[in-house]
Amino acid sequence: AFCKSPPTKSKNSADVPRICSYVNTGESFSEQHWYNCYTCGLLWDRGCCSLCVRVCHEGHDVGYSRKSSFFCDCGAESSSATEHNRPPCKCLSPLTNEK
């Protein structure tokens, strides 16, 4: 990872997202922490939410971008992910197990 990590949060289950933020925001920008994935080419103004970076991009070369207004490109581009040689978003439905 090239960038600093986000502020740490407690591991209280209420703090852990269970679904990709794109499900709630659509293409509307929402203030949140987000990450770049160098492996998948989600760079500059494209990236993934806190859940997708842990689930969909696990083992990839990722870096913390910042907290700002953003929507998750991993979720938004899920239907075209294979065209871009990326795995489709696995977090568009609520996760049942802690990842």
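Computed from a prediction, not measured in an experiment: that's the story for all the values here.

Trainee: Whenever I open this one, the packing of aromatic side chains confuses me. Can you help?
Mentor: How two aromatic rings sit relative to each other is given by the distance of their centres and the angle of their planes. Applying the stated criterion across every chain yields a total of four aromatic pairs. When the ring of tyrosine 22 is compared with that of phenylalanine 71, the centres are 6.3 Å apart and the planes differ by 50°; the resulting orientation is tilted. Of the two residues, tyrosine 22 sits in helix α1 (residues 21–25) while phenylalanine 71 sits in the loop between β3 (62–70) and α3 (73–76), which places them 49 residues apart along the sequence. In this structure phenylalanine 71 comes out as buried when scored by relative accessible area, which is 14%. With 4.5 Å between their ring centres and 5° between their planes, tryptophan 34 and phenylalanine 70 make a pair best called stacked. In this pair, tryptophan 34 sits in strand β1 (residues 30–37) while phenylalanine 70 sits in strand β3, placing the two residues 36 residues apart along the sequence. By the burial criterion, tryptophan 34 is buried, and phenylalanine 70 matches it.

Trainee: What is the right way to look at the pattern of salt bridges in this model?
Mentor: Where charged atoms from two side chains of opposite charge come close, those side chains can pair. Within this structure, the stated rule accounts for two salt bridges. A salt bridge links glutamate 77 to arginine 46; the nearest nitrogen and oxygen atoms lie 2.6 Å apart. One end of the pair, glutamate 77, is in the segment after α3; the other, arginine 46, is in the loop between β1 and β2 (48–49), and 31 residues separate them in sequence. You can call glutamate 77 buried: its relative accessible area is 18%. For glutamate 77, the salt bridge goes to arginine 86, with nearest N and O atoms at 2.6 Å. When salt bridges that share partners are traced, they join Arg46, Glu77 and Arg86 into one network.

Trainee: Hey, could you run me through the nonpolar core in this one?
Mentor: A general tendency of soluble globular proteins is for nonpolar side chains to be buried together. In terms of nonpolar packing, the biggest core is built from 21 residues, with Cys20, Cys48, Cys52, Cys72, Cys74, Cys89 and Cys91 touching the most fellow members. Secondary-structure elements contributing two or more residues to this core are β1, β2, α2 (50–55) and β3. The greatest single-element share of this core, amounting to four residues, is contributed by α2. Among residues more than four places away in sequence, those in contact with cysteine 91 are Ile19, Cys20, Val23, Leu51, Cys52, Val55 and Cys56.

Trainee: Please explain the state of the cysteines as it appears in this structure.
Mentor: Simply put, disulfide is the name for a covalent bond between the sulfur atoms of two cysteines. Tallied over the full model, the rule gives zero disulfides. With no disulfide of its own, cysteine 20 has cysteine 72 as its nearest cysteine by sulfur position, at a separation of 3.7 Å. The class for cysteine 20 is buried, based on a relative accessible area of 0%. No disulfide involves cysteine 37; its sulfur sits 3.7 Å from the nearest other cysteine sulfur, which is in cysteine 40.

Trainee: Hey, could you run me through the confidence of the model for the protein in this one?
Mentor: Keep in mind that low pLDDT regions are not for reading the predicted coordinates in detail. On average, residues of the protein score 87 in pLDDT, and 81% of them are at 70 or above. Confidence drops under pLDDT 50 across residues 7–11; counting only partners more than four residues distant or on other chains, this segment forms five contacts.

Parameters at a glance
- Residues numbered from 1 in each chain as written.
- Predicted model: local features only at pLDDT ≥ 70, side-chain atom pairs only at ≥ 80, totals over all residues.
- Heavy atoms only, no water.
- Phe/Tyr/Trp six-rings, centres within 6.5 Å; stacked < 30°, edge-to-face > 60°.
- Helix = DSSP H or I, 4+ residues; strand = E, 2+ residues; numbered from the N terminus.
- Buried < 20%, exposed > 50% of the residue type's maximum accessible area, 1.4 Å probe, protein only.
- Salt bridge = Lys/Arg side-chain N within 4 Å of Asp/Glu carboxyl O.
- Core = buried A, V, L, I, M, F, W, Y, C linked by side-chain atoms within 4.5 Å.
- Contact = heavy atoms within 4.5 Å.
- Disulfide = S-S within 2.5 Å.
- pLDDT = per-residue confidence, 0-100.

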